[in-house]
Amino acid sequence: MKKIVSTLLVSMLCFVIGATAQVRNVTGKVTDEKGDAVPFVSVLVKAKGARLSGTSADANGAFAVKAKKGDVIEVTALGFNSQSVTLDNQSTLVITLKASNASSLKEVVITSAFETKRSARSSSVSAQTISGDQLSTVRQLNINNALAGKVAGIQVQSQAAGKLGVETNVRIRGENGINSASSVLYVVNGTQMPSAADINPDDVDAVTVLAGPAAAALFGPAGANGAIVITTRKAKKGETGIGVTFNTGVTFDKVYKLPNYQNKYSGGGNPDLTTFTWVAGMPEEWKSLSGKMYPDYTDDASWGPAMNGQEYIPWYAYYPGTKYTGKTALLTPQPNNARQYYDMGVSLNNNVSFSKATDNSQTRISYSNINQKGTVPTTTLDKHTFSVNTSMDVTAKLTVAANINYVTQNVFGEFDDGYSNNSTGSFNAWFHRDLDFGIMKELVGLRSPQGYLASWNHNNPDSYSLTSATSQANWYKANYWDNPFEYMNNVRNMNRKDRLYGDVSVAYKINSDFKVKGTYRKNQNTTYYENTLSSLLEASGVQTGAKAGYSTANTFSNRENFEGLLSYNKKVSDFDFNANLGFDIFRANSRSIYANTNGGLNVQDLYTLQNSKTAMSYSNGRSQDKYRAGFVTGNLGYRNFLFADFTVRKDYYSTLPSDNNSIVIKNFGGSFVFSDLIKNKVPFLSYGKLRATWGEVPAALSAYQYPGFSYAVGANQFNGNFTMATPNSVVDPAIHGAVNTAKEAGLELKFLKNRIGVNVVYWDQTSTNFPISTSINGTSGFSGLLTNVGKVAKNGFDVTFNAKPVVTNDFQWDFNVNFSRTLENQIVSLGDPSVKLLTYSAGTYGGSYVPTVVQAVGQKWGQLYGYKKQTIKGQPILSSAGLWLKETTPTYLGSVLPDFTGGVQNSFTYKNIVVNVNIDFQKGGKFASLSDFWGTFSGLTERTAAINDKGKNVRDAVSAGGGVHTFGVDATGKPVDYYVDAATYYQQTYFSKITDNNIYDLTFVKLRELSLGYRFNVKKLGLSKVMQSATFSVIANNLLLIYSQTKDFDPSEISNSYGENGQFPGTRSLGVNLKISF
Amino acid sequence: MKKIFKISSLAVAFAVIISGTGCNKVSDFGTTNVDPGGTGTPVTSALLTNVLSGFGAYGTSVTNGHYVQYFAETQYPGNSLYTAPVASFQSIYYGDLYDLQNIINKNTDPLTKAAVATAGPNNSQIAIARIMKAYIFWTITDRWGDIPYSQALKGLEKVYLPKYDKQQDIYIDLVKELKEAVAQFDNSSIAVKGDVLMNYAGSGTATAVNLKWKKFANSLRMIIALRTSKVYPSAGQWAATEFAAALADANGSIALNTENVALAYPGSTFNNPWYSSYVTSARKDDAVANTMTDALTALNDPRIASYGTTATGFPYGLDRPHAVLVATATIPYVLKGAATLATDPVVIMNSATVLLARAEAAARGWTTESAATLYASAVTNAITQYGYTSAQATTYLAQAAVAYNTTDAIKLIATQRWLALYPNGQQAWAEWRRTGYPVLTPSIYATNVGGQIPRRYIYGTDEYSLNADNVKAAVTGLTGGDLADSRIWWDK
């Protein structure tokens, strides 16, 4: 390694070596037929009687060689026919390449930090680049969803489409965090983004996924978990037409994946209907109901009477003034009631872009508008994205460029999908299966005689007070649940954000070898939200917990970078050398202020903080952090087939202890395009490359973690006495950043004129000494210890395979498969050898009724942890009542990480028709379901009303042949079986706290995207004067969950690390899209 | 290799030059990393208020109230059907207990003791923190049994995996702590600031406030000693000796209702817990159990009008299908139910309980006081605490089922204690386990194996995940393992 480095250094230091006398400098530019630059072409100089020398063009197709008159300069590029030019007296060359037949592939450009570019050929790291067109075969609103299945090694953790504007997560090659998810870095034209949410897919020109710390080393600590690097579209010179593209689409979302409910038994806790007897003093309109039967309305479970079409008193018959007042109905199943709650979601996605390039400038302006109506009633999203990408060659040497993006988004509605939320939190956990949602919706606005909102969950008539007016008013109110339509109408949540990001740069070409560039970047985000809940909703509930109120928050964050980059490109004989020396000065600051009312509002529906019934809650937050980094990165190529590269970056951090606040990041690698040497011997091999790389990326801390131990003052005083609490986390004074090391090797092969390609990568990554607040035993007086602990080791391989099985003039089939297998993702150590387990950030109910997630030494990352049933040889031990027994100590119940992920993309082109079929899949991994736990407890899930082996419903009395037939062994291991009362059986884990009963598998195969596109022949239609192209597509997303072990949830959309706790249903969308270029 | 590092350092220097910062300051970020949201130095009075403001929670344990049949569950029965009581005690340690430890540390450390003396004399602050600590540890060990104690609260000394101490050793130390704390108070200066328990208005003198603490500590010593009566039944044993020593302390113990230890609430954000549950959250999960109202009715006890909103208790221990059939209009809510005020105090220790402890010690022959007299005073105080007259108390005491007699002394005392402790489930459950009175019939719908009322809490899963070796070692000392039916040391 040292040798390589010193060679590089020598090369770098010797850049002044001049050329020999008769040879002169020749510069050139390579373009395609449209005039677009062809980057990274190989340039060979064939001189008579001399050794071949070669170089490669840069990202803009420019090259410089030493040659003399009569030399032949041969330019070859992937996807083009090679071309030779015999040098005359000219010192500049413009070489236009003709595209070769359609089976070829273009040379891929890899973009890394500081917008440094390089050819895939010369890169030693794992980088997968896909074009904007490949990304958007089916137009998506979000980059992450578009990436699903298309890049090896990434797992997209989608969220339900009903959560408008939600930020989704991506895992690259499993997980290496210890106590929270390791976040992937997003970069747009060199500017870092916190998530994929504000990146407009229509503006994307290419996406490079840098998997792992070696590939993303130049980003510094932020790249420790890999990076998704996006370059946006620019105007290209020579584009035909006026440069206007209009892209419009509409998609319709419909709920399709809900848990399987039972449809035999109605609501309440009483399995029998009760006879209602009207007595004087009760409302007159109830008189007609006397002698009729009613179910239990008050209890919010579905352990009620069987629905046999018998006459009964529905919940709404008691409220005056409707056509249903005082009338009975028939008690019939409502299999679609939860589904009927959801609206058809509608997403409009419009983009218009203008681009123009001249000899010395280019500008692209793009505007997008996304307008969504969510599946959850009353929810909407409105988003506008405006971007300008421009550059200008002020002189031949001086280029200024600006790249400015402004995003503004307004989201309305409530998107709570946690426990006891008012849609799924009710339908999946606490609900009456007999509710008719047609009538539920029709009766929105229905009031009690006292003016309160009507609810299906009111009191039972036997408890109607004949004397107390208060009690009478309360009788009609919602016990736990409101009419869910009414609830959404009375909750107004608004969330707005305005983000401004981008850069301004000045580049100066000092000479043909040196270029210097200064860039200022900014990413500013301001958000505010206002949530209100109406006084009427509060007044209409008994135990709903709803409090009228107002809450609001404002946040501001600003991240700024100032970067300097000195680039050097030099070719000396057979060697090509390019290096970048630079610095990056960063500062971030954020401010937030938050307040909410408490205990209701004094003046009804007056939404101000001052109107808080009891003291309002408030807080503010401030933070700032800085770093200063210097780096050098370089690449040495020999005859464009043998390459070595390196990156070294040193960062000083404000967040680290001041006497030891620097970290050094390193990456070294090499690649060997061996096919160049054996071209003649193995003609079917069009491309073959071996590569290997090693990198080490330490992490820093976040602001104020060190030295920590800061005492905050409580917001409220106790009778004039202020409060303070001791911080719950201790900080190790020797704290430093984690170290992520990665090594990987790859083999890339292309056959038969690039028609078939295989890329295999083996990777091995170790993360050690995380600076994290570990969960320590709280009896120490502290719940967290911020220290460097642990070691996570993971390895696996990524495979991509692509082929063009059929290529004819009319028909072409493109096929791409990727597959990523995590062999190991183990927790090797957690610091102190006595520490065997750490708690992973858990959700609300993790650890109580469903398992929590822990990291355990020797176990795979992310174990579900909880109590199992006691077993003998795998058979559950049953008590004399036929129930399970809880093991006395908790244990591991499986990892939340899948074993492998992947995808298959097919693209079929027949004449003007393009069909894309994208499938993605995942195998292994577990999740826990709180919906399943409560849904079963409450008698909502299908199995709580199953038919047993005697042909009777499990809910029938055991004495009448009902009950759940349970099998197991007794304490001695002797097989036993019992029939157990259904409610007792299905509610047992609530009491016993056995938590292994509601675990599902994450395995799925999903037809995620399907599109059928038609490209109009504008010439034939006589429109070629007006437009360049027009494409119409019919698109479908999440079309079919082809296979999943769970039949109740979409495993590709799980809301929490441990699983789900009442999440929104999966949706399926269909839409059309029209793209016209003028 | 080294050269490369030098080059990258050079690049940083280049950056610094361009940005105008001095070259030597490349690694100097000044005050950037100083957290603007807090201070590095605590105010000990604020730590004390923080603990005391939540102290009411130790006197209103609803779960334990279900075990001892004070309360019934009206809609989602769980605790009263003996759901496995898997619970974590860690938040008590890193919450209240460490704040108290921190007060002790800051008042002891020569570097900080002068600064924190602005909140009151160092010794008084330490004494109060020790008493509070002892009280809280006592409630933990009574629930779980063996717990981390001697090695607990030492996170700053890098003790992250404290061993579990035997409950017997913890009991001995609790009594020692209380004894030393009483002697440690400093009456020479001001009363400790932030003491919202004993000096709510803040106007008390050091002598008066400290005396309240001393009486509380002495009373606590007696009750803690008495709690070991199953293992130390006889005079001359540890319990009797410690009880007598506490009784003999010149500062005395709580004997009058005016000396009751109760946490007053200012309202607004610091509210009575029953108010929070019945009014703020508007939840109606808990009612007075019929076990309690039946007992009050049988004894013609006037307190029936104060213990719940109606005189007919909710049937205890119903499962959900049966509970939902009870008409909701008549559910009797605990104390004043939805009429509870935000500012209603929570009684932590009343004179009746202390007098009953003395009566029991006398009845056991541990002391020479008159059990009958103490019993009568205790019952009188318990009745007058709720605003009833001493004449009503006299009538009540005159009943055969109430009047003291030596044969049934322990049963009578325990029954009256059960009534007097209401609604403090934590203490009542412990006393029921110790004495077996009142005789309680477990729920017929019990869901646990065996169907008996739990005798202890099960260690939280976080003990197994974060202190596995020590918790497993502690469990080996539990006959029957880490189960709710296993018995803690003093409950043999």
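Student: Mind showing me how you'd approach the interface of chain B and chain A here?
Tutor: Where interface size is given, it is often the accessible area lost as the parts come together that is meant. Of the residues lining the interface, 96 residues belong to chain B; the matching set on chain A comes to 94 residues. Carbon and sulfur atoms make up 65% of the area that chain B and chain A hide from each other, which totals about 8100 Å². Run the count over chain B and chain A and you get 2 salt bridges. Its salt-bridge partner being Arg 320 of chain B, residue Asp 300 of chain A comes within 3.4 Å of it at the nearest N-O pair. Connecting chain B to chain A are 29 residue pairs in polar contact (both at pLDDT 80 or more). The set of elements that each furnish at least two residues to the side of chain B that touches chain A consists of helix H1 (2–19), helix H2 (44–53), helix H4 (90–108), helix H10 (273–280), helix H13 (320–323), strand S8 (458–459) and helix H19 (461–466) of chain B. The leading source of residues in the side of chain B that touches chain A is H1 of chain B, at 12 residues. Class assignment for the residues of the side of chain B that touches chain A results in 53 nonpolar, 30 polar and 13 charged.

Student: It is not clear to me how H10 of chain B should be interpreted in this structure. Could you clarify?
Tutor: An α-helical turn contains 3.6 residues, so a residue and the one three or four places further along point in the same direction. Residue and element names in this part refer to chain B. Among the residues making up H10, those that are buried are Trp 274, Tyr 275 and Tyr 278. Seen along its axis, H10 keeps its buried residues to an arc of 95°; they face one direction. Tucked into the core, H10 has its buried residues touching helix H3 (62–67), strand S1 (71–73) and strand S6 (286–288). A positive backbone phi angle near 55° is found at Ala 282, which sits one or two residues after H10.

Student: Help me understand the packing of helix H8 (residues 206–226) of chain B against helix H9 (residues 238–248) of chain B, please; the structure alone is not making it clear to me.
Tutor: Packed helix pairs are characterised by how far apart their axes lie and by the angle those axes make with each other. All names here are of chain B. Where H8 contacts H9, the axes come no closer than 8 Å and their chain directions differ by 165°. Compared by their axis directions, H8 and H9 come out roughly antiparallel. Every pair of crossing elements has a handedness; the one defined by H8 and H9 is left-handed. Note on element contacts: H9 touches H8 through Trp 238, Ala 239, Glu 242, Phe 243, Ala 245, Ala 246 and Leu 247, opposite Asn 218, Arg 221, Met 222, Ala 225 and Leu 226. Residues of the contact of H8 with H9, tallied by class, amount to 9 nonpolar, 1 polar and 2 charged.

Student: Would you explain the pairing of strand S11 (residues 154–157) of chain A in this entry?
Tutor: Residues in a regular strand point their side chains to alternate faces of the sheet. Residues and elements named next belong to chain A. Side chains Ile 154 and Val 156 of S11 all project onto a buried face; the interleaved residues Gln 155 and Gln 157 project onto the opposite face, where all are buried too. Bridging between S11 and strand S12 (residues 169–172) involves 4 bridges; their strand directions are antiparallel. The residue bridging Ile 154 from the neighbouring strand is Ile 172, located in S12.

Calculation notes
Residue indices follow the written sequence of each chain, beginning from 1 at its first position. Whichever chain is written first becomes A and whichever ligand is written first becomes 1, with later ones labelled in order. Local features are withheld for residues below a pLDDT of 70 in this predicted model, meaning they are given only at 70 or higher, and side-chain atom pairs are given and counted only at 80 or more; totals for whole chains, interfaces and linings count all residues. Computation of side-chain values covers all heavy atoms of the structure but excludes hydrogens and water. By definition in these notes, contact holds between two residues if any of their heavy atoms fall within 4.5 Å. Accessible area that two parts lose when put together, evaluated with a 1.4 Å probe and summed over both, is termed the buried area. Throughout this description, the term salt bridge denotes a Lys or Arg side-chain nitrogen within 4 Å of a carboxyl oxygen of Asp or Glu. Counted as a polar contact is a pair of N or O atoms within 3.5 Å, where, for protein atoms, one must be capable of donating a hydrogen and the other of accepting one, and residues adjacent in sequence contribute only when both atoms are in side chains. The secondary structure listing takes helices from DSSP runs of H or I that are at least 4 residues long and strands from runs of E that are at least 2 residues long, numbered from the N terminus. Each residue is assigned to one class: nonpolar for Ala, Val, Leu, Ile, Met, Phe, Trp, Tyr, Cys and Pro, charged for Asp, Glu, Lys and Arg, and polar for all the others, Gly among them. Partly exposed describes any residue whose relative accessible area lies between the buried limit of under 20% and the exposed limit of over 50%, with all areas from a 1.4 Å probe on protein chains only and scaled to the type maximum. Directions drawn from the helix axis to the C-beta atoms are what define this arc. To get an axis, a line is fitted to the C-alpha atoms, and for a helix only the part in contact is used. The angle between two axes follows their N-to-C directions and goes from 0 to 180 degrees. For classification, angles of less than 35 degrees are called roughly parallel, those exceeding 145 degrees roughly antiparallel, those between 65 and 115 degrees roughly perpendicular, and all remaining angles oblique. Left-handed describes a crossing whose near helix is turned anticlockwise from the far helix through less than a right angle; right-handed describes the clockwise counterpart. Strand pairing is assigned whenever DSSP identifies at least 2 bridges connecting the two strands.

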